[in-house]
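Coordinate inspection notes
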Amino acid sequence: MKEIKKGVFWNGKVDWEIKKFHGDEYSTHRGTTYNSYLVKDKKTALIDTVWSPFGAEFVRNLNNQISLKNIDYVVAQHAEIDHSGGLAELMEHIPDTPVYCTNNGLKSLKGHFHKDWNFMPVKTGDKINLGKKELLFIEAPMLHWPDSMFSYLTEDNILFSNDAFGQHLASEMLYNDLVDQAELFQECIKYYANILTPFSSLVEKKIEEFKSLNVPVDMICSSHGVIWRDNPLQIVTKYFDWAKNYRENQITIVYDTMWNGTGNMAEAIAKGIKSVDDKVVVKLFNISHADKNDVVTEVFKSKTLLVGSPTINRGILSAVAGFMEQIRGLKFKEKKAAAFGTYGWSGESVKMINQGLENAGFELLESGLKSTWNPDEKSLNECVDFGKEIAKKSKYTQPQ
Ligand code: FEO
């Protein structure tokens, strides 16, 4: 347990080992942390717990610091088991202690644990008095689940934001100013791109709502990664930018290839783009080898996405199909796109990718480019010309 402000303690778990999160849906190259906080005043409140496999260790550590029966309130800001997993173990020891959560949190916690704990559902504006300090609750639906909420601790001016403003970064350093800044922000933008993109309009509104409370913020304590104590609002400013249909001067080319025909098309297209615009960042990813969450992060940063697949069985390669499903759910806005691919007989891939891109909310710049078999010099020149057109049509004025 580490004291982060007088009477406020971090009692989480640093998980250096985890490399996949949400099953296999999210890569955690740099591990993660599950942050739990204990606030001691006249009354004592515990905010969130840890992932289920660490539940027993969590309770043991807590019990070494405080008699569990002295915990007056448990706050469960979010029911996903990376934060509520330790509850099952904890509540075995203190079954009557009230558990504060949103109405949706109550449903979700019951759904996960099938227990009738002493739930105390709260709404935005509800508070619990801890003595000198108060905990104010702020519902944050869809940031990132319907049950999510924040808690604000008066006197210490701490915002406990659960998943929001977090990142999957294992560190023993605890604070944002003590870790490598490039690693930190890479994990922050990856987290936003892969988890929060579909809820961007709600992110903006929630930030505005929180600003209107006009309360000082000295620290933001999210439930993953570091505590924001140095200029804590810098991550809020980043979220504000990312929520506004974020894009940089980048074009990303995502493809899969069987005998490298579509791969050669991708490289020729990239050459065409660069010949017209030497400032644009162009990145190529073979999606069957690349990390899908890292690729999504690159798409998030892009103004234009090109997707390529050869035709197989009247369709597209399975890695590309999986990627198309991933971007469909993320609801990117104000991004442009086009498709390409080789074929031998029927040639459906470009049409299918076009449909997928439109379903995912991308604006098609071109009807797409097909090439038969292994592209020859003439076909590769067409790819270069296609790249030139894409570069010209992707130009836009960078937002200030
Ligand atoms: Fe970190 Fe939504 O759980």
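Time to look at the overall build of the chain. Of the regular secondary structure elements, the chain holds eleven helices and 22 strands. For the chain, the spread of C-alpha atoms along the principal axes amounts to about 80 × 40 × 35 Å. Scored against the burial criterion, the 400 residues of the chain give a buried share of 56%. Across the chain, contacts joining residues at least 24 apart in sequence account for 71% of those joining residues at least 6 apart. Summing over all exposed atoms, the chain offers an accessible surface of approximately 17200 Å²; the carbon and sulfur share of this is 49%. Taking the 47 positively charged and 52 negatively charged side chains of the chain as two groups, their mean positions are separated by 3 Å.

Right, let's talk about the packing of helix α4 (residues 181-196) against helix α8 (residues 292-301) for a bit. Between α4 and α8, the shortest axis-to-axis distance is 9 Å and the interhelical angle comes to 85°. Here α4 lies roughly perpendicular to α8, going by the angle between them. Two secondary-structure elements touch here, α4 through Gln186, Ile189, Lys190, Tyr192, Ala193 and Asn194 and α8 through Asn293, Asp294, Val296, Thr297, Phe300 and Lys301.

It is worth spelling out the packing of helix α2 (residues 81-93) against helix α3 (residues 103-113) at this point. One can describe the packing of α2 onto α3 by two numbers: an axis separation of 11 Å at closest approach and a directional angle of 65°. Crossing angle aside, the handedness with which α2 passes α3 is right-handed. Contacts between α2 and α3 involve Ile81, Ser84, Gly85, Leu87 and Ala88 from the first element and Leu109, His112 and Phe113 from the second. Here the residues of the contact of α2 with α3 are counted per class, giving five nonpolar, three polar and no charged.

As a further point, take the sheet that holds strand β14 (residues 149-153). Spatially, five strands are ordered β12-β13-β14-β15-β16 in an open sheet, and the strand pairing comes out mixed. Bordering the open sheet on either side are β12 (127-129) and β16 (219-222), each of which pairs with just one other strand. On average, each strand axis in the sheet is inclined to that of its neighbour by 20°, with strand direction left out of account. Across four bridges, the pairing between strand β15 (residues 158-162) and β16 is parallel. Pairing of Leu159 across the sheet is with Ile220, part of β16. Sheet contacts for helix α5 (residues 200-212): β13 (134-139), β14 and β15; angle to β13, the most-contacted strand, approximately 150°.

All right, on to the pattern of salt bridges then. For the structure shown, the criterion picks out 22 salt bridges. Here Glu298 makes a salt bridge to Lys283, at a shortest N to O gap of 3.1 Å. You can see Glu298 sitting in helix α8 and its partner Lys283 sitting in strand β18 (residues 281-286), a full 15 residues away along the chain. Lys283 gets classed as partly exposed once you look at its relative accessible area, which sits at 26%. Because the salt bridges share partners, they merge into one network encompassing Arg30, Glu183 and Glu187.

Of all hydrophobic cores here, the largest spans 86 residues; its most connected members are Tyr239 and Phe323. Among the elements that take part in this core, α4 stands out by supplying eight residues, more than any other. Core analysis: the next-biggest nonpolar cluster, separate from the first, contains 26 residues, Ile4, Val39, Val122 and Met219 among them.

Strand order across the open sheet formed by seven strands is β1-β2-β7-β8-β9-β10-β11, with mixed pairing between neighbours. Because the sheet does not close on itself, it has two edges, and the strands there are β1 (2-5) and β11 (119-121). Across the sheet, the mean angle from the axis of one strand to that of its neighbour is 25°, orientation sign disregarded. Pairing between strand β7 (residues 37-40) and strand β8 (residues 44-47): four bridges, direction antiparallel. Bridging from a neighbouring strand, Leu38 pairs with Leu46 of β8.

This next bit is on the side chain of His144. Along the polypeptide, His144 turns up in the loop between β13 and β14. With a relative accessible area of 8%, His144 lands in the buried category. A distance of 3.1 Å separates a polar atom in the side chain of His144 from a polar atom in the side chain of Glu80. One polar contact links His144 to Asp163, side chain to side chain, over a distance of 3.0 Å. In contact with His144, not counting residues within four places along its chain, are His22, His78, Glu80, Asp163, Ile195, Leu196 and Phe199.

Thresholds applied
Residues numbered from 1 in each chain as written. Predicted model: local features only at pLDDT ≥ 70, side-chain atom pairs only at ≥ 80, totals over all residues. Heavy atoms only, no water. Helix = DSSP H or I, 4+ residues; strand = E, 2+ residues; numbered from the N terminus. Buried < 20%, exposed > 50% of the residue type's maximum accessible area, 1.4 Å probe, protein only. Contact = heavy atoms within 4.5 Å. Areas by Shrake-Rupley, 256 points an atom, 1.4 Å probe, with all protein chains shown as cover. Lys, Arg positive; Asp, Glu negative; His and termini not counted. Charge placed at Lys NZ, Arg CZ, Asp CG, Glu CD. Axes fitted to C-alpha atoms, helices over the stretch in contact; angles between N-to-C directions. Parallel < 35°, antiparallel > 145°, perpendicular 65-115°, else oblique. Left-handed = near helix turned anticlockwise from the far one by under 90°. Nonpolar A, V, L, I, M, F, W, Y, C, P; charged D, E, K, R; others polar. Pairing = 2+ DSSP bridges. Salt bridge = Lys/Arg side-chain N within 4 Å of Asp/Glu carboxyl O. Core = buried A, V, L, I, M, F, W, Y, C linked by side-chain atoms within 4.5 Å. Polar contact = N/O pair within 3.5 Å; in protein donor to acceptor, adjacent residues only side chain to side chain.

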